[in-house]
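Results of the structural survey
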Amino acid sequence: MTFRLEIGSASDPHVIPGERLTAVGQASLEHTAVSDIKVSVAPKSDVYKRLCLSPVRLYYEDQIFFRGRLRKAQDRGGVTTLRIRGKLEELEEDTAIATYQNQPAWEAVVDYLNRTPANATVHEPYIRTISDESLIYDTTEFSYIEDIVVNDETDPVVIGSDDVQLAQTCWFREAENADDLVGDIVDVPDYSEDYSNFEAVEMTSADDILGIDFVPEYTVPGDDLDIRLRFALDQFSGTIEAKINGTTVYELSYPDGQNADREISWGGRRNFTLEVDDLEAGSTATFTLDPVDWYNGSVRVDCMALFDTGDRYDHPAAVFDYTFSDDVDTMYYTLPGPELYPSSFPVKVGPDERIWHVSDSTLETSIDDTSNGQALRLSPNGSEFVNEANSEVINADFDAAEIYGVSIHPEIVLSRYSSDPTSTPTNGDTGQICSSIRLTVATDDLALIDGEEAFKKNTWLANLQDLCDRAGYRLVVDHRVEDLTVEAFRRGDPDLVQPADWTTDGQDSVQTSRQTRDYYNIARVQGDGISTELYDIDDIQRVANEAGISEEEAEIPRGFSEPTVSDIDELRRLTREYLRDGVAGDQFSGSIDIVPQYIRPGYPYQPEEFGGRLVNAETVTFSFGADGSGSIDFGVRDGLTRYVQDLRSGDN
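Bear in mind the structure is a predicted one, so any value in this text is a computation, not a measurement.

Quick look at the overall build of the protein chain now. Along the protein chain, the regular secondary structure elements total 9 helices and 41 strands. Projected onto its principal axes, the C-alpha coordinates of the protein chain cover approximately 120 × 55 × 40 Å. Expressed as a percentage of its 652 residues, the buried residues of the protein chain come to 53%. Intrachain contacts of the protein chain at a sequence separation of at least 6 include 72% that bridge at least 24 residues. If you average the places of the 52 positive and of the 125 negative side-chain charges in the protein chain, the two averages end up 18 Å apart.

Structural data, given as structure tokens:
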């Protein structure tokens, strides 16, 4: 039984029988790459140059093994050497630029194949659980809250070793309770006006003054400070300046003779063209009303309020709203606002970087009140969150929410509540307190495109090779059919094991080895002035257990350089990829010589020659001439691995 080549149309092909080959021809079938045939034919003939670009078919008896296209015919001596490329070269005819972000890499493979002319079948990946429940933080056992909360000094939170609480963001005072007061205290019957706390302060001369002192618990940016006053005017003309720490931020001014009247109500907004210094945490700050000129009339001041607007934040849970209502409850003579605390604000717990895909996470807390805007938030990537409102516990299934990432970002959103209906403000006079935090995560080995990445190489195939590498996928073309039919699946998928129904060729037809040349379990990456280091603890333990050595002896590091990367998040992403490549470098490999039979490369097999061990066919090679033989290589295909590593290191 022999091989034969047919070149040209199927109806009238140019046939080259195996007997005409001057040396052994070789057909190499590979996954995720263009397969090829190289063969020398005698006698040489110009017909082969004419037949270049023609379709080619390789047969073994009546079984077709390969379809491709004749790409090269070269004469040397009395022989013509032919180079034939496989059908996957059709994916080198064009390209498509695609960008993917925070999603399973295999889904990107699906999307990209849909942009090509290939008739593709993509299998969902099998997924290996890494950890069902890894404990990250537990402040009741081994963590202090002050060590894991990472809010900035300008965030309205007070962080202690045992709790974290919302800080006051509005400093309100009844005028009659001012720290610095020169003026007359009046009450409701005096002017038939409804005052908070039944009283107000009447200012009638430039010698009068109102001032309050307070100590903020966090640093309040001056740009975000605003004021309100509840006051009335009675034939007033003159100028009163509102000052923060001595800096004028607002003027109430009417010229002499222009006497103004005003009913009691909230007013007085800061002039934001006037700059104000930050209010430092722990330092006494002042807010004063200081008359500069006084010509006529009086001013009655009921309440004063200085507050943080929170305008610096672009976060859905950072909500700073205050109620400035003139609706006085005449039972206790109270106003509903302004609230002393923000409607909600996120307490950020230090993110934890995982090597693997984070599929689930549970955050358990102890919070004294869970009303109003309180919520818990979890994210595996820092940008998309699962939310649970008004609860001390959240169980986040990120896969169900289609949110993907390799880290965990917890946020505890604290709010305000009411504790005293008899004094102003009756709403939001107390901030919530969180006194315990417990965080666990579940991880698996689903490959992700973490962050945003563009795939923009010159061919469909080059981009698919990168995507398949990210996904740990194999792209296999069926060389026997006319159409470009491909199948993509995760390497070693146990659900796609193919029958090992070949016949071995000879007594010494089986070779086996374990290849660990490219294995490492610690990745150290140096960037532009930054560096990262990641350990795969699970794989270190595996190596130690298998070899009977200590975990320290099982630690195998490898260093890499990314000199153009200055962003720490990008460097961490690359470090995770390097580490994934490293732990995949411990491979069982080998080869089996077989009687010629079409075997699909890329798929997993469980040959009895390897004791039933699951191995992956990387390359299937057929040698042909007057006779024929075949060989299956299992395990690692070094060429593609080196190609991908070279691309990452910038060597290509």
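There's plenty left to go through after this.
Moving on, we get to the packing of aromatic side chains. One pass over the full model with this rule turns up 24 aromatic pairs. With a centroid separation of 5.0 Å and 70 degrees between ring planes, the pair formed by Tyr-313 and Phe-345 is classed as edge-to-face. One end of the pair, Tyr-313, is in the loop between β21 (285-308) and β22 (344-348); the other, Phe-345, is in strand β22, with 32 residues separating them in the sequence. You can call Tyr-313 partly exposed: its relative accessible area is 21%. Judged by its relative accessible area of 2%, Phe-345 falls in the buried class. Ring centres 5.4 Å apart and planes at 50 degrees place the aromatic pair Tyr-520 and Phe-560 in the tilted group.

What follows concerns the nonpolar core. Ranked by size, the top nonpolar core spans 48 residues in total, and within it Leu-363, Leu-378, Ile-412 and Ile-437 carry the most contacts. Looking at which element gives the most residues to this core, the answer is strand β30 (residues 433-444), with 4 residues. Among the nonpolar cores identified, the runner-up in size contains 39 residues, and Val-41, Tyr-48, Phe-610 and Phe-622 belong to it.

Right, let's talk about the pairing of strand β28 (residues 407-417) for a bit. Among the 11 residues that make up β28, 11 are buried, leaving the element largely enclosed by the rest of the structure. Across 5 bridges, the pairing between β22 and β28 is antiparallel. The residue of β28 that forms the bridge with Ser-344 is Ser-415. With 2 bridges connecting them, strand β23 (residues 352-353) and β28 associate as antiparallel partners. When the sheet's bridge partners are listed, Glu-353 is paired in β28 with Ser-407.

This part takes up helix α8 (residues 568-583). With 16 residues, α8 extends 23 Å between its outermost C-alpha atoms, agreeing within 8% with the 22 Å of an ideal straight helix rising 1.5 Å per residue. Listing the buried residues of α8 in full gives Leu-571, Arg-573, Leu-574, Thr-575, Arg-576, Glu-577, Tyr-578, Leu-579, Arg-580, Gly-582 and Val-583. N-cap assignment for α8: the residue whose side-chain oxygen lies 2.9 Å from the backbone N of Glu-570 is Asp-567.

Residue Pro-338 is reached from Gly-337 by a cis peptide bond, and omega for that bond is 10 degrees. Tracing the chain through its elements places Pro-338 in the loop between β21 and β22. Residue Pro-425 follows Thr-424 across a cis peptide bond; omega there is -5 degrees. Here Pro-425 is to be found in the loop between β28 and β29 (430-431). Although it is not a glycine, Asn-102 adopts a positive phi angle of roughly 45 degrees.

Turning next to the sheet that holds strand β9 (residues 119-122). What holds strands together in a sheet is hydrogen bonding between their backbones, with the strands either parallel or antiparallel. Spatially, β9-β33-β32 is the arrangement adopted by the 3 strands of the open sheet, whose pairing is mixed. Of all strands in the sheet, those bounded by a partner on one side alone are β9 and β32 (473-477). Strand-to-strand, the axes of this sheet are offset by a mean angle of 20 degrees, without reference to chain direction. Two elements, β32 and strand β33 (residues 485-490), share 5 bridges in a ladder whose sense is antiparallel.

The next subject is the environment of Asp-567. Tracing the backbone through its elements, the reader meets Asp-567 in the loop between β37 (557-561) and α8. Along the chain, Asp-567 and Gly-527 lie 40 residues apart, while their C-alpha atoms are 8.4 Å from each other. In terms of polar contacts, Asp-567 uses its side chain to reach the backbone amide nitrogen of Glu-570, at 2.9 Å.

For the rest of this paragraph, the subject is the state of the cysteines. The full count for this structure, using the stated rule, is 0 disulfides. Unpaired in this structure, Cys-303 has its nearest cysteine sulfur neighbour in Cys-170, at a distance of 11 Å.

What follows is about the pattern of salt bridges. Within this structure, the stated rule accounts for 42 salt bridges. Asp-36 is the partner of Arg-83 in a salt bridge, and the nearest nitrogen-oxygen pair spans 3.0 Å. A residue pair is termed long-range when its members are at least 10 positions apart, and Arg-83 in strand β7 (residues 79-86) and Asp-36 in strand β4 (residues 36-41) qualify at 47 residues. With a relative accessible area of 34%, Arg-83 lands in the partly exposed category.

When pLDDT is averaged along the protein chain, the result is 91; 96% of the residues meet or exceed 70. Confidence drops under a pLDDT of 50 for residues 637-652, and excluding neighbours within four residues, the segment shows 26 contacts in the predicted structure.

We now examine the environment of Arg-228. Mapped onto the secondary structure, Arg-228 falls in strand β18 (residues 225-244). The spatial distance from the C-alpha of Arg-228 to the C-alpha of Met-304 is 6.2 Å, given a sequence separation of 76 residues. One polar contact links Arg-228 to Asp-226, side chain to side chain, over a distance of 3.1 Å.

Here the focus is helix α5 (residues 460-471). Residues spaced three or four apart along an α-helix point in a common direction, a consequence of the helix completing one turn every 3.6 residues. Given a rise of 1.5 Å per residue, 12 residues ought to cover 16 Å, and the 16 Å separating the end C-alpha atoms of α5 matches this to within 8%. The buried fraction of α5 is high, at 11 of 12 residues. Among the residues making up α5, those that are buried are Trp-460, Leu-461, Ala-462, Asn-463, Leu-464, Gln-465, Asp-466, Leu-467, Cys-468, Arg-470 and Ala-471. At the C-terminal side of α5, Gly-472 shows a positive phi close to 70 degrees.

Criteria and thresholds
Per chain, the residues get numbers from 1 upward, laid out in the order the sequence is written. This being a predicted model, a pLDDT of at least 70 is required before a residue's local features are given, and a value of 80 or more before pairs of side-chain atoms are given or counted; all residues contribute to the totals for chains, interfaces and linings. Excluding hydrogens and water, the side-chain figures rest on all heavy atoms present in the structure. Helix and strand definitions here come from DSSP, where helices need a minimum of 4 consecutive H or I residues and strands a minimum of 2 consecutive E residues; each element is numbered from the N-terminal end. Any residue under 20% of the maximum accessible area for its type is buried, any over 50% is exposed, and the rest in between are partly exposed; the area is computed with a 1.4 Å probe on protein chains only. The contact criterion used is simple: two residues touch if any of their non-hydrogen atoms lie within 4.5 Å. The charged-residue count follows a simple rule in which Lys and Arg add positive charge and Asp and Glu add negative charge, with His and chain termini not counted at all. By convention, the point assigned to a charge is CZ for Arg, NZ for Lys, CD for Glu and CG for Asp. The rule is short: rings of Phe, Tyr and Trp, with Trp giving its six-membered ring, pair when the centres are within 6.5 Å, and they are stacked under 30 degrees, edge-to-face over 60, tilted in between. Grouping buried Ala, Val, Leu, Ile, Met, Phe, Trp, Tyr and Cys residues that are joined through side-chain atoms within 4.5 Å yields what is termed a nonpolar core. At least two DSSP bridges between two strands are needed for those strands to be called paired. By this rule, a helix spans an expected 1.5 Å times one less than how many residues it contains. In the analysis that follows, any N or O atom pair within 3.5 Å is treated as a polar contact, provided that within protein one partner can donate a hydrogen and the other can accept it, and provided that, for residues neighboring in sequence, both atoms belong to side chains. Comment: axis = line fitted to C-alpha atoms, over the contacting stretch for helices; angle = value between 0 and 180 degrees taken between N-to-C directions. We call a pair of cysteine sulfur atoms a disulfide when they lie within 2.5 Å. The term salt bridge refers to a side-chain nitrogen of Lys or Arg lying within 4 Å of a carboxyl oxygen of Asp or Glu. Values of pLDDT, which run from 0 to 100, indicate the predictor's confidence residue by residue.

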